[in-house]
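The primary structure of each chain is shown beneath.
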Protein chains: 2
Amino acid sequence: MWFQRELRIGPGDLNEVIYGTAILASGGGGDPYLGRLILMQALQKHGAKTMLDPAKVKDRWLVVALGAVGAPPIALEKFPSLTALAAAIATLERHLGRKVDAIVAAEAGGLNAVVPIALGLRLGLPVINADGMGRAFPKNDMMTFGIYGGRAAPTAIADDHMSSVIVDADDNRTLERLARSAVIAMGGIAMAVTYPMSGKFFKTAAIRGTLTLARDIGRVALAANHQKSDPIDAIIGYFRKQASPRRYAAKLFTGAVLRHAPKTDEAFVRGEIAVENRDSGEICTLEFHNENLIARIDGRVVALVPDIITVLDEDTGEALTTENVRFNQRVTIFGLAAPEILRTPEALAHVGPRAFDIDLDYTPIETLADA
Amino acid sequence: MWFQRELRIGPGDLNEVIYGTAILASGGGGDPYLGRLILMQALQKHGAKTMLDPAKVKDRWLVVALGAVGAPPIALEKFPSLTALAAAIATLERHLGRKVDAIVAAEAGGLNAVVPIALGLRLGLPVINADGMGRAFPKNDMMTFGIYGGRAAPTAIADDHMSSVIVDADDNRTLERLARSAVIAMGGIAMAVTYPMSGKFFKTAAIRGTLTLARDIGRVALAANHQKSDPIDAIIGYFRKQASPRRYAAKLFTGAVLRHAPKTDEAFVRGEIAVENRDSGEICTLEFHNENLIARIDGRVVALVPDIITVLDEDTGEALTTENVRFNQRVTIFGLAAPEILRTPEALAHVGPRAFDIDLDYTPIETLADA
């Protein structure tokens, strides 16, 4: 299934796709509830959409990555519309003097993996079955397109009040800083169109098949749920047996939420989640910066960014974004090896622990499990 | 002299022009010391520059207003270069797909009135003898070009690190907010190119002859200084007799600085200056927000924004920006009626006391003097 990169997504695939993207997001990527609403509306209005196989992207195309940017809790209150996103694309096209040929998700997440599908349906634009993170990260310079040499500039940002900003900067971290300030000035949430790039470069740096992977994860998990078996076990089985390349996946912890203290500033949500296993007495803590970054059990590190750490509700099996975890909620913490493209030295310089001020070298989740 | 709007500015005019622009600035407009340096270097390198008579601006021209934006104290530490300003123009030209035909100062001030001259010399661009404020104000939406119906967007902002931002917004206050956030993200100071407008519109809204007025003020004041007579009296005499239209001008107060508490945040400098007359025991207080906004003597209001309130060093006769006033310094506070174009109901809605959260109706300085 993993190889099927030309993927048709219709109303019947909605639940599977949303479920899977939320699992991949490591606690970020936007609220899956919003993602479901937006994709459902778009599918109802325009019908199904076939995701383009990345291999079919033409070298000369202009490809852009896009998504909602900002502090996730703010998005819940005033989510910017597809109209704002369409305006951001139009602004960038005018600025570049060129039409966009295809769009791709900036990140894999319950909201941001599907926003491009809804926009592609509305504008009739090809949507590539890929993304720029393979999970979610809090910053624009953390996309593979930047890690592997692409330029995020010019980036267009727009809000629902028809304001827009085009940011240009020589390095992607400066661009992230300037773009972030624009998002804050727009009220903490906005739509961004970034990394205008050739199709040729896109194919060197993209994480391919994201939507197929999400749909597959959703399919095995929801089937397991339906059969009253454990969806996480089904996902782990999928990654051990069916996915290619295979990726290490494991249940890291199970317990009840003991503490959850998210702090939202204008730009991000940060904090810590503590989960207690009342049988063993062990405590698992997660630190997050929009996304979960590090998991420790009684102080011992068991997973580290860029590997994926996702909290799921034990009853429903649904992935929870970092801001949506509730006190006393019974949860399972799921760990998944990051795609290899995020584990290279170049990538770890941008998305490894130290990029998040965690003073640890990166150790793969499978190595930590063996220790 | 007031009518001479085609004005040649050479090295011999430097002191007069800088002196006059600083007087007009109401305590803002950038540091005249920086303005002098920048203009001197440009004149030394490129020779004299003839300021264009606003009447000669062609209807179809693309005119832009420009200047440094940010908290004045930050400018002293890291003033952005003309290179950043040239980059902002180039960015805007690329975005608009059109070359700029002439430039004009955003505001009258010791720095910002002369920055366009230096840039015009470097780029060989016509510089119009006019400005968009007739004084200095802290915000972009306070230009006559905005007050009288012009659109500030798109505005280009650039810094010395080759970063740039193009801001678009339907209303000028939103644009100011978004542009300000970019300036803050750039470190608190940047160069802006704003109000791209037709020559036809420019002529309806510009404040004409700014540099001639500044040169004339400087000329009479420096001549008086040379003759050991009072430069402020000379300026007052100029406005009573020679300037056309005549404008009310007066010495509001003389004394020593008792208190000066400027607070610089990322964007602005705000605070209060108190001056004591040790003979009469009276105290004059000025509130400022980059520029002086209101002058009170023992609590009685004697001048109100948009009328001009400028503090001068009593010994040197030089105008002091709000951040440059020193404790115990002997100063004279000079008041000057704003140009009529700033005193209309439309203008007062943007630059009257209430626009600065001062809960008073505007009363002209000459009326306050009669009361």
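Residues numbered from 1 in each chain as written. Chains lettered and ligands numbered in written order. Predicted model: local features only at pLDDT ≥ 70, side-chain atom pairs only at ≥ 80, totals over all residues. Heavy atoms only, no water.

K.L.:
Go over the overall build of chain A with me, naming the residues and quoting the values.
P.N.:
Within chain A one finds 12 helices and 18 strands. The principal-axis extent of the C-alpha atoms belonging to chain A is close to 60 × 40 × 40 Å. Every one of the 371 residues in chain A was classed for burial, and the buried ones make up 64%. Of the accessible surface of chain A, which amounts to about 13700 Å², a share of 50% is contributed by carbon and sulfur atoms. Positive and negative side-chain charges in chain A, numbering 40 and 43 respectively, have mean positions lying 6 Å apart. (Helix = DSSP H or I, 4+ residues; strand = E, 2+ residues; numbered from the N terminus. Buried < 20%, exposed > 50% of the residue type's maximum accessible area, 1.4 Å probe, protein only. Areas by Shrake-Rupley, 256 points an atom, 1.4 Å probe, with all protein chains shown as cover. Lys, Arg positive; Asp, Glu negative; His and termini not counted. Charge placed at Lys NZ, Arg CZ, Asp CG, Glu CD.)

K.L.:
Can you explain the packing of aromatic side chains? Please cite residues and give values.
P.N.:
Inspection of every chain in the model, using the stated rule, returns 8 aromatic pairs over all chains. Three or more aromatic residues joined by ring pairs form one cluster here, namely A:Phe145, A:Tyr195 and A:Phe202. (Phe/Tyr/Trp six-rings, centres within 6.5 Å; stacked < 30°, edge-to-face > 60°.)

K.L.:
Explain the relation of the copies chain B and chain A residue by residue, including any values.
P.N.:
At an RMSD of 0.0 Å, chain B and chain A line up after a rotation of 180° and a shift of 0.0 Å along the axis. Considering both components of the superposition, the chain copies are consistent with a two-fold axis. A share of 100% of the interface residues of chain B reappears at the interface of chain A, consistent with the copies meeting face to face through the same patch. (Least-squares fit on C-alpha atoms with pLDDT ≥ 70 in both. Contact = heavy atoms within 4.5 Å.)

K.L.:
Lay out the nonpolar core with the relevant residues and their values.
P.N.:
Counting 99 residues, the largest nonpolar core has A:Phe145, A:Phe202, B:Phe145 and B:Phe202 as its most contacted members. Not counting residues up to four positions away in its chain, the partners in contact with B:Phe145 are B:Ala65, B:Val104, B:Asp131, B:Gly132, B:Gly150, B:Tyr195, B:Met197, B:Phe201, B:Phe202, B:Ala205 and B:Ala206. Of all hydrophobic cores here, the second largest spans 43 residues; its members include A:Val64, A:Leu85, A:Leu121 and B:Ile166. (Core = buried A, V, L, I, M, F, W, Y, C linked by side-chain atoms within 4.5 Å.)

K.L.:
A description of the domain arrangement of chain A should follow, citing residues and the corresponding values.
P.N.:
Residue and element names in this part refer to chain A. When the domains of chain A are assigned, the result is domain 1 (7–208) and domain 2 (247–370). The C-alpha centroid of domain 2 is placed 24 Å from the C-alpha centroid of domain 1. Of the roughly 2900 Å² buried where domain 1 meets domain 2, counting both sides, 64% is carbon and sulfur surface. At the junction of domain 1 and domain 2, the tally comes to 0 salt bridges. The interface formed by domain 1 and domain 2 includes 12 residue pairs in polar contact (both at pLDDT 80 or more). Breaking the side of domain 1 that touches domain 2 down by element, the ones donating at least two residues are helix H1 (14–24), helix H2 (32–46), helix H3 (72–77), helix H6 (144–147) and helix H7 (172–185). Within the side of domain 1 that touches domain 2, the residues separate by chemical class into 22 nonpolar, 9 polar and 8 charged. (Domains from an automatic or database assignment. Buried area = accessible area lost by both parts, 1.4 Å probe. Salt bridge = Lys/Arg side-chain N within 4 Å of Asp/Glu carboxyl O. Polar contact = N/O pair within 3.5 Å; in protein donor to acceptor, adjacent residues only side chain to side chain. Nonpolar A, V, L, I, M, F, W, Y, C, P; charged D, E, K, R; others polar.)

K.L.:
Summarise the confidence of the model for chain A; cite the residues concerned and give the values.
P.N.:
Summary statistics for chain A give a mean pLDDT of 94 and a share of 98% for residues scoring 70 or more. Prediction confidence for the complex, expressed as pTM and ipTM, is 0.90 and 0.84 respectively. (pLDDT = per-residue confidence, 0-100.)

K.L.:
Got a sec to walk through helix H9 (residues 210–226) of chain A? Specific residues and values, please.
P.N.:
Residue and element names in this part refer to chain A. With 17 residues, H9 ought to run about 24 Å at 1.5 Å a step, and its terminal C-alpha atoms sit 24 Å apart, in line with that. Of the positions making up H9, those classed as buried are Thr210, Leu211, Thr212, Leu213, Ala214, Arg215, Asp216, Ile217, Gly218, Val220, Ala221 and Ala224. Looking at the residues trailing H9, positive phi occurs at Lys228, about 60°. (Expected span 1.5 Å × (residues − 1).)

K.L.:
Provide a residue-level description of the pattern of salt bridges, including the pertinent values.
P.N.:
Residues and elements named next belong to chain A. For the structure shown, the criterion picks out 44 salt bridges over all chains. A salt bridge links Arg173 to Asp141, with the shortest nitrogen-to-oxygen separation between them at 3.6 Å. Separated by 32 residues along the polypeptide, Arg173 in helix H7 and Asp141 in the loop between strand S5 (127–131) and H6 bring together distant segments of the chain. Here Asp141 falls in the buried class, since its relative accessible area comes to 5%. Residue Glu276 is joined to Arg278 by a salt bridge in which the shortest nitrogen-to-oxygen separation is 3.8 Å. For Arg278, a relative accessible area of 53% corresponds to the exposed category. Three or more residues are tied together by salt bridges with common partners; here these are Asp307, Glu340, Arg343 and Glu366.

K.L.:
For the packing of helix H2 (residues 32–46) of chain B against helix H5 (residues 115–123) of chain B, give the residues involved together with the corresponding values.
P.N.:
Residue and element names in this part refer to chain B. The geometry of H2 relative to H5 is characterised by a closest axis approach of 9 Å and an angle of 25° between their N-to-C directions. One finds that H2 runs roughly parallel with respect to H5. Note on packing geometry: the crossing formed by H2 with H5 is left-handed. Between H2 and H5, the residues in contact are Ile38, Leu39, Ala42, Leu43 and His46 and Ile117, Ala118, Leu121 and Arg122, respectively. (Axes fitted to C-alpha atoms, helices over the stretch in contact; angles between N-to-C directions. Parallel < 35°, antiparallel > 145°, perpendicular 65-115°, else oblique. Left-handed = near helix turned anticlockwise from the far one by under 90°.)

K.L.:
An account of the pairing of strand S3 (residues 62–70) of chain B is requested, with residue identities and associated values reported.
P.N.:
Residue and element names in this part refer to chain B. Among the 9 residues of S3, 8 are classified as buried, and the element is accordingly described as predominantly covered. In this sheet, strand S8 (residues 189–198) lies alongside S3 in antiparallel orientation, the contact comprising 8 bridges. Among the inter-strand pairings, Leu66 is bridged to a residue of S8, identified as Val193. (Pairing = 2+ DSSP bridges.)

K.L.:
Just give me the short version of the packing of helix H4 (residues 82–96) of chain A against helix H5 (residues 115–123) of chain A, but keep the residues and values in it.
P.N.:
All names here are of chain A. Running from N to C, H4 and H5 cross one another at 75°; their axes reach a closest spacing of 10 Å. With respect to each other, H4 and H5 are oriented roughly perpendicular. Where H4 abuts H5, its residues Leu82, Thr83, Leu85, Ala86 and Ile89 lie against Val115, Ala118, Leu119, Arg122 and Leu123. In the contact of H4 with H5, the residues fall into 8 nonpolar, 1 polar and 1 charged.

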